[in-house]
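# Topology and contacts: notes
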2 protein chains.
Amino acid sequence: MDIAARVMSVVRRTSTSEPSTSSDSNPQKVGKVMDVSDGAFIGGFIPYHSFVKNKVAAIVEKQRYPYTRPEFLYFSEEEITLSSDHTIRPVLCPRLPHRMPLYAGYAEVINAGKTIQNEDQASAKMLVLTQHQGAEMNGFSEEKKIESRSSNSAEIDDDPMLTPGGDESEKSTIFSLRADAALFSLFDGHAGSAVAVVASKCLHEHVKSRLCEVLDTLLHLDRQENLNFGKHRSESSYSMSKMNEEDEARIRSEHLVKGALETAFLDMDEQISQDKQVWRLPGGCAVISILVFLGKLYVANAGDCRAVMVTSDGTKALSKDLTPASERKRLQELAYRNPELIGNSFSRLEYSKKLTKKDLKSRVLYRDWFMDGWAVKTVKECDLRPPLISESSRKRRLLNTIGVSRGFGDHHLLTVDERLSIKPFLSAVPDITVTHLRDMNVLTDKDVVIVASDGLWDVLSNEDAGLIVRSTLGSTDSADSSRYTQAAQDLVAAARGQQASPNLKRWVLNSGGHASYDDITVFVIPLKYCAAPPADLEEEEDDEMLDLE
Amino acid sequence: MDIAARVMSVVRRTSTSEPSTSSDSNPQKVGKVMDVSDGAFIGGFIPYHSFVKNKVAAIVEKQRYPYTRPEFLYFSEEEITLSSDHTIRPVLCPRLPHRMPLYAGYAEVINAGKTIQNEDQASAKMLVLTQHQGAEMNGFSEEKKIESRSSNSAEIDDDPMLTPGGDESEKSTIFSLRADAALFSLFDGHAGSAVAVVASKCLHEHVKSRLCEVLDTLLHLDRQENLNFGKHRSESSYSMSKMNEEDEARIRSEHLVKGALETAFLDMDEQISQDKQVWRLPGGCAVISILVFLGKLYVANAGDCRAVMVTSDGTKALSKDLTPASERKRLQELAYRNPELIGNSFSRLEYSKKLTKKDLKSRVLYRDWFMDGWAVKTVKECDLRPPLISESSRKRRLLNTIGVSRGFGDHHLLTVDERLSIKPFLSAVPDITVTHLRDMNVLTDKDVVIVASDGLWDVLSNEDAGLIVRSTLGSTDSADSSRYTQAAQDLVAAARGQQASPNLKRWVLNSGGHASYDDITVFVIPLKYCAAPPADLEEEEDDEMLDLE
């Protein structure tokens, strides 16, 4: 993300038992800052009021997880260095594509020079979920009280996981308390790669932990839903609509998965907040996760990465971009309810045009936090302040600083001039969509989900990306496990384009338009293997590891 | 709405220059209250902190608008009294159905005895919009600065309304600065009918005033949009998707209409807040408005009334019910950000079951403000507090008090035991949908929008209501201007049902199920006349008025 030279992240290096809540009253306390345009860390005091009150926290001048590329690439240190060539921008793919979870394809390319490191990160994991997953799960079997609110159906509420010796024991044994899931995540870092790296190492553990917390109830509900599938079809039209309301209120297995993802995302952000007291963790990252579990595909998005489903029916976005532009109402409402967050430095309103002194007393269209529409007002002095969400030709920014509104990190991000804290406006809460793979028409091996950072979507439309993938998959052998990686490679290559001439450092699309100068990262996940995971995957694994060593 | 005996509205009758912000510290200041179960007003002091600070406001013991039924019914005082027979529950219709705006149908019936008055209200108005609409519009022609953000297209930004002497003058004369609109509104009152009555008398004036404020720009944009219609179709697939993004950001005429509705709803609530200082205005009301303007149908909803479109393609809800259940996340987030609003009296969380002391230390499913899903937690003492949104078999309530979360009024509504103010949770902001009538397939005279209070929707599904209307319209003459009122009448009669036996006061549906005991109010608006208003309507009007007198 291009927020270079605009973002200022200041990190406290020595302790103050009562940090000043006003940066203006103690300007000398605010020391040197990190300018992320060159990635150099200088360090300084932080006036951020909520930061480790009454606690001495010496910032260690190193990172818990040093810069790296995704594990599944199996790159050596040397290869990682070579991958960062901004002039050549090589498209990188996993060395062992058939070892990727669900044979998912992957490709990445570094930016055209705006940051030294590739600030995108990725992780792809098979999660083995078991009931007794560490200390947190002790006593979980005592949970006999979980009931769905609509308790008409006895079979839903009678959880056999909780009565293992009862008459349900036979059924219980059918379901082992182990389940497998696949998790793919993309992280698009800004103001450094540190937060994206930490998140790529840890998010799946938080998701796993949260899923295991509710695994018994989750598997029980999933079984009931599969048994009940189709049962409601025989009802009359009238009782059907009443039934739907009850169904709506009933807790289903997918709600527990959603809850696990939602809480895991907040856990991850909280971990970063804690880690920051010990490790060096400037900046933040947008994040998108795709969880494949029990015949459903969950897309949890907190930022401007995007997942797009491509089938013979066409393309369909499975996430919506969460940016200062799309989250205007949420951000404006926060400023409305907590005006101190913007002080006298910004105007909460959005205007139909950039206002100058000449516009005073004239009329302008505006919209406030509660409005989807526009209304008219007379321009006053306070309307001349820069707007909370700035206008910009390409990307709108929050508080004139940051181009995303969700994700992890950024705990100490301040605005350049006014030293206002930006974190209160940022959210780690994911927006989640669920796709029921079992309800879909017959899936072919050309049906995929494309997951990519904004480096791709800035220059390719969903439809363009779909066409490229279908074209690649149409010309590859269905037995070739590397074909989804080839598709990812073609996507990344298309968005990166070619150098107009070797010394010009100008990248152009095949069509001649501006190519992407950003980091570009892409997963291509085959839906067929999401619906029915390939059986041979695990057996192969060990042999391959030996080959690698 | 049945909130009798649960709602407590206390109204200040004498002034306190500095109202206490804590009800507990000055319990003697809190005087008698109004118990809305019998509609009797007793009056008392109000500890509501934001109420007319430093201002003496004597509450007049009478209402500005006394109880009545909608104007368009043309009922005498005597008829209004007769209409309130809870034992017979006559279905009431306009005396002159052909005088209804756009020949819309209407019918209503009083509740089965839960309140003395019919707390539903309605209004139906033709709005004649003109540019110079009172003092507010002075100087509006000076507004030369309104521009759409995406200013690529010169013809959009060059507003001929603002350059009347220029080369656009010829085109300008094509567009008179007068436009007609139709506005239908339903108000479902609670804790008395006063707020619903005031809103039914005033809302259309606020809407009219806000529309007139932007009329020139609005008409200009509408003309441009009609000229450009179809222009984009010739673009290529690639530039198409880019174009859509720009279109998305561009201010269109419908945005100005939406903005007018949004601000007018807040104006209305503000007026009630002001009127309350002088007039007796207990309680509040849910509201839904249907605005027909320039070939589009706007549904602005703030509450649990509902608009449903019925065409040969089936039924389609044009609004979603806004209730404590559907607005859980908004309400929980308010309590999260302002915990003082619920103090120690309520728990912000929603739980999968009603918790008692026995559940302490066991595990329960819950969800918080940021969650669509459910997660697990161990029950603590604070979880035993009543939840912010109570569970209930039929209707969930906010703070154990009110069954709606949006609408007008309720400025002084407090919870029964804890005397917490409920108004901060309530919102007068409408949710707005827009239906482009010109884009629809050929409309027939059986295509309508049903607008009704929850008294109807509590016992009829959207589909049931659609079938009833289509059946009535199928058996009436298309030249009969009363046919939409007949359809409304049939809907209301179906939802009210029949008395099981004359003395039992038990109302049953034809199917045998429980009928609605609530006030029931229904508009049936013919889409054909929304798309092309009947020309003879206005000419007829004067003659009819003479007939009536």
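Residues numbered from 1 in each chain as written. Chains lettered and ligands numbered in written order. Predicted model: local features only at pLDDT ≥ 70, side-chain atom pairs only at ≥ 80, totals over all residues. Heavy atoms only, no water.

Identification of chain A as Protein CBG06262 from Caenorhabditis briggsae is taken from an unreviewed UniProt entry. For the record of chain A, the UniProt heading Sequence similarities (unreviewed entry) holds the text "Belongs to the PP2C family." (UniProt positions renumbered as here; feature names shortened; annotations may be inferred.)

### Comments concerning the overall build of chain A
From N to C terminus, chain A includes 13 helices and 21 strands. The buried share among the 549 residues of chain A stands at 57%. Sequence-distant contacts, at least 24 apart, represent 74% of the contacts inside chain A between residues at least 6 apart. Entry remark: accessible area of chain A is about 22800 Å², with carbon and sulfur atoms responsible for 50%. (Helix = DSSP H or I, 4+ residues; strand = E, 2+ residues; numbered from the N terminus. Buried < 20%, exposed > 50% of the residue type's maximum accessible area, 1.4 Å probe, protein only. Contact = heavy atoms within 4.5 Å. Areas by Shrake-Rupley, 256 points an atom, 1.4 Å probe, with all protein chains shown as cover.)

### Brief notes about the pattern of salt bridges
A side chain with one charge can pair with a side chain of the opposite charge if their charged atoms come near. Per the counting criterion, the structure on display carries 44 salt bridges over all chains. With its nearest N and O atoms 2.8 Å apart, the salt bridge here joins A:R69 to A:E108. A residue pair is termed long-range when its members are at least 10 positions apart, and A:R69 in the loop between β2 (34-35) and α1 (77-83) and A:E108 in strand β3 (residues 105-109) qualify at 39 residues. Residues A:R69 and A:E108 agree in their burial class; the two are buried. For B:D321, the salt bridge goes to B:R306, with nearest N and O atoms at 2.8 Å. In this pair, B:D321 sits in the loop between β9 (314-317) and α8 (328-337) while B:R306 sits in strand β8 (residues 306-311), placing the two residues 15 residues apart along the sequence. Residue classification places B:D321 among the partly exposed positions, given a relative accessible area of 25%. Salt bridges here are not isolated pairs; linked through shared partners, they connect A:R328, A:E350, A:R367 and A:R396. (Salt bridge = Lys/Arg side-chain N within 4 Å of Asp/Glu carboxyl O.)

### A short note on the sheet that holds strand β10 (residues 350-351) of chain A
Residues and elements named next belong to chain A. If you trace the 3 strands from one edge of the open sheet to the other, you get β10-β11-β12, paired in antiparallel fashion. Of all the strands in the sheet, the pair left with one neighbour each is β10 and β12 (375-378). Pairing between strand β11 (residues 363-367) and β12: 4 bridges, direction antiparallel. Looking across to β12, one finds that R363 is bridged to T378. (Pairing = 2+ DSSP bridges.)

### Brief notes about the domain arrangement of chain A
Residues and elements named next belong to chain A. One can read the domain layout of chain A as domain 1 (71-131 + 176-227 + 252-322 + 426-531) and domain 2 (329-400). With centres defined by C-alpha atoms, the gap from domain 1 to domain 2 works out at 35 Å. Each partner contributes residues to the interface: domain 1 has 5 residues there, and domain 2 has 4 residues. Interface area for domain 1 against domain 2, summed over the two sides, is near 300 Å², with a carbon-plus-sulfur share of 38%. Together, L426, S427 and D458 form the three largest contributors to the area buried by domain 1 at its contact with domain 2, with a combined 77%. Where domain 1 packs against domain 2, one counts 0 salt bridges. Split into classes, the residues belonging to the side of domain 1 that touches domain 2 amount to 1 nonpolar, 1 polar and 3 charged. (Domains from an automatic or database assignment. Buried area = accessible area lost by both parts, 1.4 Å probe. Nonpolar A, V, L, I, M, F, W, Y, C, P; charged D, E, K, R; others polar.)

### With respect to the sheet that holds strand β12 (residues 375-378) of chain B
The antiparallel open sheet is built from 3 strands, whose spatial order is β10-β11-β12 (chain B). Here the strands that pair on one side only, and so sit at the sheet edges, are β10 (350-351) and β12 of chain B.

### Here's the deal with the packing of aromatic side chains
All names here are of chain A. Scanning the entire structure with this criterion turns up 16 aromatic pairs over all chains. Taking the centre distance of 5.4 Å and the plane angle of 65° together, the rings of F184 and F523 count as edge-to-face. With F184 in strand β5 (residues 178-190) and F523 in strand β21 (residues 520-526), the pair connects residues that are 339 residues apart, well separated along the chain. Summarising the burial analysis for this pair, F184 and F523 share the class buried. Put simply, the rings of F72, Y106, F184 and F523 touch in pairs and so form one group of aromatic residues. For R89, the ring lying beneath its charged end belongs to W507, and the centroid distance is 4.9 Å. A cation over a ring is seen here: R337 above W369, with NZ or CZ 5.2 Å from the ring centre. (Phe/Tyr/Trp six-rings, centres within 6.5 Å; stacked < 30°, edge-to-face > 60°. Lys NZ or Arg CZ within 6 Å of the ring centre and 35° of its normal.)

### Digging into helix α4 (residues 194-213) of chain A
Residues and elements named next belong to chain A. End to end, α4 covers 29 Å across 20 residues, agreeing with the expected 28 Å (1.5 Å per residue, within 8%). Where α4 bends most, at C202, the angle is about 40°. Along α4, 17 of the 20 residues are buried, which leaves the element largely enclosed by surrounding structure. (Expected span 1.5 Å × (residues − 1). Bend = angle between axes of the 7 residues up to and from the residue.)

### Examining the environment of A:L297
All names here are of chain A. By the element assignment, L297 lies in strand β7 (residues 296-302). Judged by its relative accessible area of 0%, L297 is buried. Put simply, L297 and L384 are 87 residues apart on the chain and 46 Å apart in space, counted from C-alpha to C-alpha.

### Concerning the side chain of A:T521
All names here are of chain A. With respect to the element layout, T521 can be found in strand β21. The class of T521 is buried, set by a relative accessible area of 1%. Engagement of the side chain of T521 in a polar contact is seen with the side chain of D120, the distance being 2.7 Å. Among residues more than four places away in sequence, those in contact with T521 are Y106, A107, E108, D120, A122, L186, V451, A452 and S453. (Polar contact = N/O pair within 3.5 Å; in protein donor to acceptor, adjacent residues only side chain to side chain.)

### A word on the nonpolar core
Considering soluble globular proteins, one finds that nonpolar side chains tend to be buried as a cluster. Ranked by internal contacts, the top residues of the largest apolar core, which has 62 residues, are A:I290, A:L297, A:V522 and A:F523. By residue number, the principal contributor to this core is helix α11 (residues 483-496) of chain A, which donates 6 residues. Excluding its chain neighbours within four sequence positions, the residues that come into contact with A:I290 are A:A182, A:L183, A:F184, A:L297, A:Y298, A:V299, A:A307, A:V451 and A:I525. Grouped together as the second largest cluster of nonpolar side chains are 61 residues, B:Y67, B:V109, B:A182 and B:A487 included. (Core = buried A, V, L, I, M, F, W, Y, C linked by side-chain atoms within 4.5 Å.)

### Re the packing of helix α5 (residues 215-228) of chain B against helix α7 (residues 253-275) of chain B
Residues and elements named next belong to chain B. Between α5 and α7, the shortest axis-to-axis distance is 8 Å and the interhelical angle comes to 145°. Note on element contacts: α7 touches α5 through S253, L256 and V257, opposite T217, L218, L221, D222 and E225. Taken together, the residues of the contact of α5 with α7 break down into 4 nonpolar, 2 polar and 2 charged. (Axes fitted to C-alpha atoms, helices over the stretch in contact; angles between N-to-C directions.)

### Examining the environment of B:L221
Tracing the backbone through its elements, the reader meets B:L221 in helix α5. Linking B:L221 and B:E254, residues 33 residues apart in sequence, is a C-alpha distance of 9.0 Å.

### As for the confidence of the model for chain A
Residue and element names in this part refer to chain A. Of all residues in chain A, 74% have pLDDT values of 70 or greater, and the mean over the chain is 79. Scored below 50 in pLDDT, residues 133-175 shows 77 contacts in the model against residues more than four places distant or in partner chains. Counted against residues more than four places away or in other chains, residues 232-243, with its pLDDT under 50, gives 10 contacts. Quick note on the complex model: pTM equals 0.82, ipTM equals 0.81. (pLDDT = per-residue confidence, 0-100.)

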